[in-house]
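Survey of secondary and tertiary structure
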Protein chains: 2
Amino acid sequence: MRILLTNDDGIYAKGMYSLYLELVDKHQVVIVAPESEQSAVGHALTLYNPLRVKKIKRNGEFYGYGVNGTPADCVKIAFHEIMNSPPDMVISGINLGPNVGINVLYSGTVSAATEGAILGIPSIAVSLNTYKDPDFGFASSFTKRLVDVIHKNGLTNGICLNVNIPAVKREMIKGIAITRQGTSRFIERFEKRIDPRDNTYYWQAGQASVRDEDEDTDIKALANHMISITPLQYDLTCHKEIDYLRRWRIEV
Amino acid sequence: MRILLTNDDGIYAKGMYSLYLELVDKHQVVIVAPESEQSAVGHALTLYNPLRVKKIKRNGEFYGYGVNGTPADCVKIAFHEIMNSPPDMVISGINLGPNVGINVLYSGTVSAATEGAILGIPSIAVSLNTYKDPDFGFASSFTKRLVDVIHKNGLTNGICLNVNIPAVKREMIKGIAITRQGTSRFIERFEKRIDPRDNTYYWQAGQASVRDEDEDTDIKALANHMISITPLQYDLTCHKEIDYLRRWRIEV
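Because the structure is predicted, anything quoted here is derived from the model rather than measured. (Residues numbered from 1 in each chain as written. Chains lettered and ligands numbered in written order. Predicted model: local features only at pLDDT ≥ 70, side-chain atom pairs only at ≥ 80, totals over all residues.)

1. Some details on the sheet that holds strand β1 (residues 2–6) of chain A
All names here are of chain A. Spelled out, the test is: When DSSP locates at least two bridges between a pair of strands, those strands are taken to pair. A run of H or I in DSSP counts as a helix once it spans at least four residues, and a run of E counts as a strand once it spans at least two, with each numbered from the N terminus. Structural elements are reduced to axes, namely lines fitted to C-alpha atoms, with helices fitted over the stretch in contact, and the angle between N-to-C directions of any two is expressed from 0 to 180 degrees.
Taken together, the nine strands give an open sheet; going across it, the order is β3-β4-β2-β1-β5-β6-β7-β11-β8, and neighbouring strands pair in mixed fashion. Lying at the two open borders of the sheet, with one neighbouring strand each, are β3 (53–58) and β8 (175–178). With direction set aside, neighbouring strand axes in the sheet form an average angle of 25°. As paired strands, strand β5 (residues 89–96) and strand β6 (residues 123–128) are joined by five bridges and run parallel to one another. Each bridged residue has a counterpart across the sheet, and for Ile 91 the counterpart in β6 is Ile 124.

Here it is, written out as structure tokens:
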């Protein structure tokens, strides 16, 4: 298969490199990724600035294309300008840190997979549930096998998969859970600080929410040391609310 | 009511000012908005840079707080730092240009309303369907009345409304449609150019898709000169796909 590989941690990130090495012996892999870290950019696009595409080497050999834009930009420019024909699959990751619960909305990693789905390409986002000392080995080999399963079964058009992998030893992983997006979010906190010129500034921090999650959520699966796979789509409509609103009397 | 007013066109934008003037005689309005234009930032957050909050004057009087961040940042910092207690409603807009179809995903205007919904506050995003010579008069007075209707009826927790208003004379408006998000998107196009130093760059452009839309979509409603109101939520799970995926054989 021809696979477009991208991420939001930037083209030099270890997680993408590990996955690249795993995939490249079997597939044709084209890397188009942000030049610098783009975490929490959500589904942002770069419209008001030019995009530049740089050829990036790794270990002295051509590795991929670095773009001064967001993950969504990367998928679009790969599709329209860099690749001569659409890829068979878009893979975003492997991200350092989980993308579960409401934080999925802020995730550049997930937005790249959503962008692939919008373009009609089977797409997955892969994240590892740790922020430090990551070992991407198992996550990479699992992703490689998942790619084959997706290829064999076929994904419904417009759907992408959000995959989160526990950062524990393989023998500790309890299984695979097909999940839904949980409702927990980081409870943000702004640190108020004073800069060297005596001006106030704020730094956005956060802590994990303590909300109890149902068994079928991505968050609970990860907590239970299961690989979480959530199918995502990009229709934000709350269909259940439509009938309720139609009973309102609103005048022009 | 205490209303938090924000946008993605920036704190100096005409659309927000028109709405502010309309609301301020009846409500307590707190403006917290990006200092500069933030279109197409999606649901981005500023985590790796400090945020600064500036008091902004208009016509010599205090007008609101300008933030060097995204619309989602503005809602979060207003909620956690600027306002002493949560607002009764979050309003984002009035945006110059529609936010319908798949472009809802890229919209900073909508992301501010979604952020309000995540925080448990009734929230709306309001956009005017034109990019030039905007007359925000009717859109502002309609929004003011809609605010009362929402306050009277109550919005389900976690839902925000995406409101798009035709840019035609009031007597041309055919009514109000409760809609779903359409599936049309801009078909993007990258203009390849050469800079003064002979380097290639790309500029992301786009044209409206020609996809046929169903009658119950936001896009079709606007085309029919109706005000479109779409209830949005922030669970991206494709629930229908879960059973299908559970039948796959995936091994750890």
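2. A look at the interface of chain B and chain A
Note the following rule: Here, residues touch in the contact sense if the C-beta positions derived from the backbone fall within 7 Å of one another. Following the grouping adopted for this structure description, the nonpolar residues are Ala, Val, Leu, Ile, Met, Phe, Trp, Tyr, Cys and Pro, the charged ones are Asp, Glu, Lys and Arg, and the polar ones are all others, Gly among them.
Each partner contributes to the interface: chain B provides 60 residues, whereas chain A provides 60 residues. Looking at the side of chain B that touches chain A, the elements with two or more residues in it are α2 (71–82), α3 (108–118), α4 (137–153), β8 (175–178), β9 (186–194), β10 (200–208), β11 (226–232) and α6 (239–246) of chain B. Along the lines of polarity and charge, the residues of the side of chain B that touches chain A split into 36 nonpolar, 15 polar and nine charged.

3. Quick notes on α3(B)
Residue and element names in this part refer to chain B. Threshold: Partly exposed residues are those falling between the two cut-offs: more than 12 but fewer than 20 other C-beta atoms within 10 Å of their own, whereas 20 or more means buried and 12 or fewer means exposed, with C-beta atoms placed from the backbone.
With eleven of eleven residues buried, α3 lies mostly within the body of the structure. Of the surrounding secondary structure, the elements contacted by the buried residues of α3 are β1 (2–6), α2, β5 (89–96), β6 (123–128), β7 (160–165) and β11. Of the residues flanking the end of α3, it is Gly 120, one or two places downstream, whose phi is positive at about 85°.

4. Here we look at the sheet that holds β7(B)
By definition, the strands of a sheet pair up through backbone hydrogen bonds, in either a parallel or an antiparallel sense. Residues and elements named next belong to chain B. Here we have nine strands laid out as an open sheet, ordered β3-β4-β2-β1-β5-β6-β7-β11-β8, and mixed in their pairing. The open sheet has two edge strands with one neighbour each: β3 (53–58) and β8. When strand polarity is set aside, the average angle formed by the axes of neighbouring strands in this sheet is 25°. Alignment of strand β2 (residues 28–34) against strand β4 (residues 61–67), held across three bridges, turns out to be parallel.

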